[in-house]
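The primary structure of each chain is shown beneath.
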Amino acid sequence: MSTTAPGTTEVELAIGGMTCASCAARIEKKLNRMDGVTATVNYATEKAKVAYPPEVSVPDLIATVEATGYTAREPAPPAAEPPGAEERDELKPLRERLVTAVVLAVPVIAMAMVPALQFEYWQWLSLTLAAPVVTYAAWPFHRAAWTNARHGAATMDTLISVGTSAAFLWSLWALFLGTAGTPGMTHPFELTIARGDGAANIYLEAAAGVTAFILAGRYFEARSKRRAGAALRALMEVGAKDVTVLRDGGEARVPIGELKPGDRFLVRPGEKIATDGTVVEGSSAVDAATLTGESVPVEVGVGDAVTGATVNAGGRLVVEATRVGADTQLARMAKLVEDAQNGKAAAQRLADRISGVFVPVVIALALGTLGFWLGNGAGLTAAFTAAVAVLIIACPCALGLATPTALLVGTGRGAQLGILIKGPEVLESTRRVDTVVLDKTGTVTTGRMTLLAVHTTDGEDETEVLRLAGALEHASEHPVARAVATGALERTGAALPVPEDFANVPGLGVQGIVEGHAVLVGREKLLGEWAIDLPADLAAAKAAAERSGRTTIAVAWDGAARAVLEVADAVRDTSAEAVARLRALGLRPVLLTGDNEAVARAVAAEVGIDEVIAGVLPEDKAAVVKGLQAEGRSVAMVGDGVNDAAALARADLGLAMGTGTDAAIEAGDLTLVRGDLRAAADAIRLSRRTLGTIRSNLFWAFAYNVAALPLAAAGLLTPMIAGAAMAFSSVFVVGNSLRLRRFRALGA
């Protein structure tokens, strides 16, 4: 809970029992009717974010939700929830019902559709198999329909429950009170249209088949639904788990939770800094790329602030903790991710939007059919046959397949291409996006420092420069030093000599003896301390490189400057092509980075991006995305670091590089496994194609139902025609979805 404004408190509630987007809308409407309450309910994350005045209490809010027919509670902190707990609770019972429905429904459908399988008492075996499907397996639909009915609402669950129940109850009547239970009764394979009294007809295959198909759709949707808790757990995993605290003149290793403000703790080279604090002893380079996106490590010394979860890349540090727990920058970023996800509008499933009109119309049509035939003297049996037929043909079997089959084929094809789509709500976002925000470090660039150029004075050999400089840098742990050493190994193609003497000069570079030469490698200031000046040509090269945002390293030996090395986060080979592909999809690219303006402009010019937003902190990234959305733009965000997680969650469409952090991958809607930015364009193309397939599936699934409704209302629909129409519409939907397997990546 947190105070958001004077007199107003904000709370987050975990909502249970929602089965569709219309459930979320109903809860939201009820909460917003309370005096002074402002609420948003997210179906995807199953949470409600509520701001309420002092005269309203949290129990009041929970009571309102429960009165609407759902459950509500204050969620436990992410750390208190064991990994996978939510998934186990949600999917296990649904999976059990689905398996039961499929195993029992297949023989029921087969016997009803194939006369050769209709032995003397086949109808009674069908009843035995169908009963558990319509009762146990379909129970979630019946429960939701009853909840909806008590609150005067109707959703797709209502139609499924009424249709399957009507089919099952009519079949019971026909078997026990009609003539359908007679030994040797068959459903002939006839597609004739004729009015009958229905006493010999059973609809068990319709009831069992519809239940199995719709359960399959619900299961695959639930499995793929994004969960905010997973993103938050991944984000918190970034931080250190324990810390070496200096107490009573000694060192003690304690869990991070025991750290208090004012405690002093030790950070060795390569370790994560446990929490936000101030350096009180030592100096080092700190790699803050995971939090700030800054590709160049930051030099810190006594009195400088450091941030938890960043990495000590150089010397030994003693840090005094200033903020711990929920006050740290990492914890605030976790809150940003959570707020962004809960603030995102719930994705309205197409089927539920249509059902708002379709369900009441069908129920009214069934009642009207019953009344019409009773009023025309057709008899109670014929009237009920026609009314039940309306409900059964309207019960959308193919609709249950429309989304999951397209999603399964689309996501399966995406996985083959290195694109992971998280769920159906993602697809609609891809259609709307018009702006793509690209994080620089690790997305447009490789995310690691690379030796890009070597400038030597006249008469100096580049290979010799790299051998001597690389030998010294190879002995250092600094990321820039590693880049020089790796570049030297690659360019010379030979092993580097071992220094006879080596010393690290904090904040300036390294110095030592290599093959008898006194070598200096580092900042120009290091050379100045030895009274060595850069000649004009090297000074000019250094100035030009720094204007382009690159880091420069001076190399000198035996009292003379010999070279200047350029190091930077290298642009990926495929980034320019990827930007062009994104433009071709009608997207406007924006480069967003925590790096400085010069670096950002240089990278943007290289890949063909005009709009640049540089020097932003993690919380600013989410704010930038929100600002673009406020301008009326629909924003896609591509990123890879912890620093991008909140922005990925805030964006209308988040694309996470698979080579990045777990926090970014969990917060994103699409994951690009290959770490190739070109896959972003392929991901949007595939998602749009999959959405188009779902839309066409939904259209035809409803079209078959609507076309057959007049026949059902006229009392001319036999079970065979109903079964054939259902099977044909399902086959069409599956076949249409399978076309997605032919999707190809550009250039493939």
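For clarity, every value in this text was computed on a predicted model and none was experimentally measured.

1. Re the overall build of the protein chain
Here's step 1: Each helix and strand counted, the protein chain has 26 helices and 27 strands in total.
Here's step 2: Counting all 748 residues of the protein chain, 55% fall into the buried class.
Here's step 3: For the protein chain, long-range pairs separated by at least 24 residues make up 70% of all intrachain contacts whose partners lie at least 6 apart in sequence.
Here's step 4: In the form shown here, the protein chain has an accessible surface area of approximately 30100 Å², with 58% of it arising from carbon and sulfur atoms.

2. Digging into the UniProt feature "transmembrane region" (unreviewed entry) in the protein chain
Here's step 1: Within this structure's numbering, the places UniProt gives as "transmembrane region" (unreviewed entry) are residues 98–115, 121–139, 159–180, 200–220, 354–374, 380–403, 697–714 and 720–738.
Here's step 2: The straight-line gap between the two end C-alpha atoms of residues 98–115 is 27 Å; of that span, 89% is helix and 0% is strand.
Here's step 3: Taken as a whole, residues 159–180 contains 82% helix and 0% strand, while its terminal C-alpha atoms sit 25 Å from one another.

3. Comments concerning the pattern of salt bridges
Think of it this way: side chains of opposite charge can pair up when their charged atoms draw near.
Here's step 1: The full count for this structure, using the stated rule, is 29 salt bridges.
Here's step 2: The shortest N-O distance in the salt bridge between Glu271 and Arg253 comes to 3.9 Å. Taken together, the residues Glu271 in the loop between strand E8 (264–267) and strand E9 (276–281) and Arg253 in strand E7 (residues 250–255) connect sequence positions 18 residues apart.
Here's step 3: Owing to a relative accessible area of 22%, Glu271 belongs among the partly exposed residues under this scheme.
Here's step 4: Among the residues examined, Arg253 registers a relative accessible area of 47% and is labelled partly exposed.
Here's step 5: Linking Asp644 and Lys621 is a salt bridge whose minimum nitrogen-to-oxygen distance equals 2.9 Å. With Asp644 in the loop between strand E25 (635–639) and helix H23 (645–650) and Lys621 in helix H22 (residues 618–630), this residue pair connects regions lying 23 residues apart in the sequence. Both residues of the pair, Asp644 and Lys621, count as buried.
Here's step 6: Each of the salt bridges in this network shares a partner with another, and the network as a whole consists of Glu577, Arg581, Asp676 and Arg678.

4. Examining the packing of helix H20 (residues 575–584) against helix H25 (residues 678–713)
When two helices pack together, you describe them by how their axes are tilted relative to each other and by the distance separating the axes.
Here's step 1: Orientation of H20 relative to H25, taken along the N-to-C sense of each, is 25 degrees, at an axis distance of 7 Å. On the basis of their axis angle, the class for H20 and H25 is roughly parallel. Across from Glu577, Ala578, Arg581 and Leu582 in H20, the residues of H25 making contact are Arg678, Ala680, Ala681, Asp682 and Ile684.
Here's step 2: Residue composition of the contact of H20 with H25, by class: 5 nonpolar, no polar and 4 charged.

5. Describing the sheet that holds strand E27 (residues 670–672)
Here's step 1: What the 7 strands build is an open sheet, ordered E15-E27-E26-E25-E16-E23-E24; its pairing is mixed. Of all strands in the sheet, those with a lone pairing partner are strand E15 (419–421) and strand E24 (611–613), marking the two edges. Recorded for the sheet is a direction-independent mean angle of 20 degrees between the axes of neighbouring strands.
Here's step 2: Examined bridge by bridge, strand E16 (residues 435–439) and strand E23 (residues 588–592) share 5 bridges and lie parallel to one another. The partner of Asp439 across the bridge, within E23, is Leu592.

6. Brief notes about the pairing of strand E20 (residues 517–522)
Remark: a regular strand shows side chains that alternate across the two faces of the sheet.
Here's step 1: With 6 bridges connecting them, strand E19 (residues 509–514) and E20 associate as antiparallel partners. Of the residues in E20, the one forming a bridge with Val514 is His517.
Here's step 2: Counting the residues in the hairpin turn of E19 and E20 gives 2 residues, including Glu515, whose phi is positive at 50 degrees.
Here's step 3: Bridging between E20 and strand E21 (residues 551–557) involves 4 bridges; their strand directions are antiparallel.

7. Some points on a nonpolar patch on the surface
Here's step 1: On the surface, Phe119, Tyr121 and Leu125 cluster together into a nonpolar patch covering about 290 Å² of accessible area.
Here's step 2: Among the structural elements, Phe119 can be located in the loop between helix H3 (85–113) and helix H4 (122–137).
Here's step 3: The class of Phe119 is partly exposed, set by a relative accessible area of 44%.

8. Re the sheet that holds strand E17 (residues 445–456)
Here's step 1: The sheet built from 6 strands is open, its strands ordered E17-E22-E21-E20-E19-E18 with antiparallel pairing. At either end of the open sheet lies a strand with only one pairing partner, and these are E17 and strand E18 (501–505). The sheet shows a mean angle of 20 degrees between the axes of neighbouring strands, taken without regard to direction.
Here's step 2: Pairing of E21 with strand E22 (residues 560–571) involves 7 bridges; the strand directions are antiparallel. Within E22, the position partnered with Trp557 by the bridge is Ala560.

9. What about the packing of aromatic side chains?
Here's step 1: Enumeration according to the criterion identifies 5 aromatic pairs in this entry.
Here's step 2: Centroid distance Trp170 to Trp173: 4.9 Å. Interplanar angle 25 degrees. Geometry classified as stacked. Here Trp170 and its partner Trp173 are both found in helix H6 (residues 156–176), 3 residues apart, which amounts to about one turn of the helix.
Here's step 3: Between Trp700 and Phe732 the ring centres are 5.6 Å apart and the planes differ by 65 degrees, which places this aromatic pair in the edge-to-face class. Of this pair, Trp700 sits in helix H25 while Phe732 sits in helix H26 (residues 719–738), and the two are 32 residues apart along the sequence.

10. Remarks on the environment of Pro506
Here's step 1: Following the sequence through the fold, Pro506 ends up in the loop between E18 and E19.
Here's step 2: Judged by its relative accessible area of 51%, Pro506 falls in the exposed class.
Here's step 3: With 224 residues separating them in the primary sequence, Pro506 and Gly282 have C-alpha atoms 9.2 Å apart.

11. Some remarks on the nonpolar core
Here's step 1: Ile202, Leu204, Leu215 and Val362 are the most contacted members of the largest nonpolar core, which totals 54 residues.
Here's step 2: The set of elements that each furnish at least two residues to this core consists of H3, H4, H6, helix H7 (204–224), helix H11 (350–375), helix H12 (380–394) and H25.
Here's step 3: In this structure, Ile609, Ala614, Leu677 and Ala683 belong to the second largest nonpolar core, which totals 46 residues.

What counts, and where the lines are drawn
- Residues numbered from 1 in each chain as written.
- Predicted model: local features only at pLDDT ≥ 70, side-chain atom pairs only at ≥ 80, totals over all residues.
- Heavy atoms only, no water.
- Helix = DSSP H or I, 4+ residues; strand = E, 2+ residues; numbered from the N terminus.
- Buried < 20%, exposed > 50% of the residue type's maximum accessible area, 1.4 Å probe, protein only.
- Contact = heavy atoms within 4.5 Å.
- Areas by Shrake-Rupley, 256 points an atom, 1.4 Å probe, with all protein chains shown as cover.
- UniProt positions renumbered as here; feature names shortened; annotations may be inferred.
- Salt bridge = Lys/Arg side-chain N within 4 Å of Asp/Glu carboxyl O.
- Axes fitted to C-alpha atoms, helices over the stretch in contact; angles between N-to-C directions.
- Parallel < 35°, antiparallel > 145°, perpendicular 65-115°, else oblique.
- Nonpolar A, V, L, I, M, F, W, Y, C, P; charged D, E, K, R; others polar.
- Pairing = 2+ DSSP bridges.
- Patch = residues over 30% accessible without salt bridge, like charges linked within 9 Å, V, L, I, M, F, W, Y side chains within 5 Å.
- Phe/Tyr/Trp six-rings, centres within 6.5 Å; stacked < 30°, edge-to-face > 60°.
- Core = buried A, V, L, I, M, F, W, Y, C linked by side-chain atoms within 4.5 Å.

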